[in-house]
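# Results of the structural survey
Given next are the chains, with one letter for each unit.
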Amino acid sequence: VAKMMASLDDPLYPIAVLIDELKNEDVQVRLNSIKKLSTIALALGEERTRSELIPFLSDAIYDVEVLLVLADQLGKFTSLVGGPDFAMYLIPPLEILATIEENVVRDKAVESLRIVAAEHSPQDLEIHVVPTLQRLASDNWFAGRISACGLFSVCYPRLSQPVKDSLRVSFCKLCQDETATVRRAAASKLAELSKVMEIEYLKSDLIPSFVQLSKDKQDSVRLLVVEACPTIAQLLLQEDVEQLILPLLRQYAKDTSWRVRCMFAEKFVDLQLAVGPDITRIGLLPAFQSLLKDTEAEVRAAVASKLKDFCANLAKANQLQIVLNCILPSVHDLISDPNSHVRSAVASVIMGLSPIVGAFRTVDDLLPLFYVQLKDECPEVRLNIISNMDAINDMMSIEQVSESLLPAIFELAEDSKWRVRMAIVEYMPSLARQLGQEFFNRKLHSLCQCWLNDHVSAIREAAALSVKQLVKQFGASWAEESVLPMILVMSRNTNYLYRMTCLLCLSALAEVCGTDITMRLLLPTVLQLAFDPIANVRFNVAKTLQTMSPFLEASVIQDQVKPTLEKLIADTDADVKYFAAQAIADIA
């Protein structure tokens, strides 16, 4: 047939080419052909696209890859068939695709159907889209019923009341479908449908289905209901939440499936905000305590990660009392939990309880817990507690930090896990700000030198940035007295990696040390390293000079920097030449 049409002058030539390519044995040719549908539609024009191309696409059968691209393309076809007034021509092929058993094709078809349906006028929606939705919802094959679930929310708001009544009945029927995958699809759309449904019908029609699905024998259905719960609770009045939703919340905390309890834990703060402080105290607090003691580690870890947010959102009137009497006893148990993921989850949020309980309680109740976690055998626990230590800076005096935290910090500064050491390095400027220059020089200065000489490059780089922050706090004169001597001596280290670290530090410090120190102390060392035997050091000299140049006087750049860079341009190493040329161009 294609050959009979295959004259360039034949008006059906584009479709003939499409037919040939779609029958090609090479899947890539078939894919490329279907991707050119919009071009073919433009060649045919709007009327012929509606009368010839769309019917052809509806009748043809392709493999999954082609069908997936076709489902996506049709969602963008409205303008090619003549605009929203003719969007109904796209419904038949998309309806066929929405009944395909292959999930990815079906999902893409529903996505395109939602786009096309939104472009229909309310009248056309009732004439063309709603019948399609009803056919899919009553389809004998489960695939059609699954697809129907995704179309209710996009159609419902713009329909007349009798049609809305009909759709609610259809959706509730799908919630009771004999096939679990259909019930799962309906449960996944509860939240978005509830947002567009009138409150009276939400309570009379949708909530009963919601309650029924929350008791479904399949846990994959129940956990989707939990996911929808915050959205639905937000739409109801407090008395309705207490009557309709609260019993379900108590049920979720005791669900036989750990996956449902885990989803409940993950959605806990959203639920807390949706139901309000009173119902939180009455209904959610006992559930929260129950989840903290759950038999499954995954559930304990999920709810432990919500500790800080849950406590922060409690009503201020009884917040401290609840945290001290109801939450902290469970936290005591969790920091010694046999599962490291649980302990790690607690470590990531426990510092956030300090502002809630105040300085006095932090020292008495939380600091012992911090100290236990700082010595945890799991590096991730130690890393999480260190990474969040900023939260307690304002809660503790210098004496308390010195007595309680410094021993642990010294120990962790030499931890065998480099990520833990790096967390301490990054925390140091914050700690120094609290302790002051004198205390830092006396107790912590030696650590900086250790980090700058660490065998892990990431630690050395982090230490350079940390030193820059310290100089910002303590000033250029402190840098000249306390920091620069130990950095400049690295330029003579026999290991070239440490000479590169020296350059990294000098590059970072030029910005904060000022022009005088940069020209007097930093620049001579950099220029000296331009003659280093290692190419990596030499091209880092070029990069450092480029970074330093804004902080140097013009005469110094002209007399010292440019001649050095010109020598480096003549270097035998390609990388040195490249970075030197880049530096000169930037300075110019």
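Residues numbered from 1 in each chain as written. Predicted model: local features only at pLDDT ≥ 70, side-chain atom pairs only at ≥ 80, totals over all residues. Heavy atoms only, no water.

### Here's the deal with the packing of aromatic side chains
Our working rule: A pair of Phe, Tyr and Trp rings is counted when the ring centres sit within 6.5 Å of each other, with Trp represented by its six-membered ring. The angle between the planes then sorts it: under 30 degrees is stacked, over 60 is edge-to-face, the rest tilted. Numbering of helices and strands starts at the N terminus; helices are DSSP runs of H or I of at least 4 residues and strands are runs of E of at least 2. Throughout, exposure labels follow a simple rule: accessible area from a 1.4 Å probe, protein chains only, divided by the maximum for the residue type, with under 20% read as buried, over 50% as exposed, and the rest as partly exposed. In this analysis the charged atom, NZ for Lys or CZ for Arg, is taken to sit over a ring once it is within 6 Å of the ring centre and within 35 degrees of the ring normal.
Applying the stated criterion across every chain yields a total of 11 aromatic pairs. Consider the rings of Tyr-252 and Phe-264, whose centres lie 5.7 Å apart with planes at 65°: the pair is edge-to-face. Taken together, the positions of Tyr-252 in helix α17 (residues 238-253) and Phe-264 in helix α18 (residues 258-266) put the pair 12 residues apart, joining distant regions of the chain. Overall, Tyr-252 belongs to the buried group, its relative accessible area being 0%. An aromatic cluster is defined as three or more aromatic residues linked by ring pairs; in this entry it consists of Tyr-252, Phe-264, Phe-268, Phe-288 and Phe-310. Over the ring of Tyr-201 we find Arg-168; its NZ or CZ atom is 3.6 Å from the centre of that ring. The aromatic ring of Phe-579 is capped on one face by Lys-543, whose charged end is 5.1 Å from the ring centroid.

### Things to note about the pattern of salt bridges
Operational definition: What makes a salt bridge here is a side-chain nitrogen of Lys or Arg within 4 Å of a carboxyl oxygen of Asp or Glu, nothing more.
Under the counting rule described, the total for this entry stands at 25 salt bridges. Salt-bridge contacts for Arg-421 lead to Asp-454; the nearest nitrogen and oxygen are separated by 2.9 Å. Note that Arg-421 is positioned in helix α28 (residues 418-435) and Asp-454 in the loop between α30 (445-452) and α31 (457-474), a separation of 33 residues in sequence. Overall, Arg-421 belongs to the buried group, its relative accessible area being 5%. Judged by relative accessible area, Asp-454 falls into the buried class, the value being 8%.

### Brief notes about the state of the cysteines
Going by this rule: By disulfide we mean two sulfur atoms from cysteines, separated by a distance within 2.5 Å.
Evaluated as defined, the whole model comprises 0 disulfides. With no disulfide of its own, Cys-311 has Cys-326 as its nearest cysteine by sulfur position, at a separation of 9.8 Å. Among the residues examined, Cys-311 registers a relative accessible area of 0% and is labelled buried. Considering cysteine sulfurs only, Cys-502 is the nearest to Cys-505, which forms no disulfide, with 6.9 Å between them. Judged by relative accessible area, Cys-505 falls into the buried class, the value being 1%.

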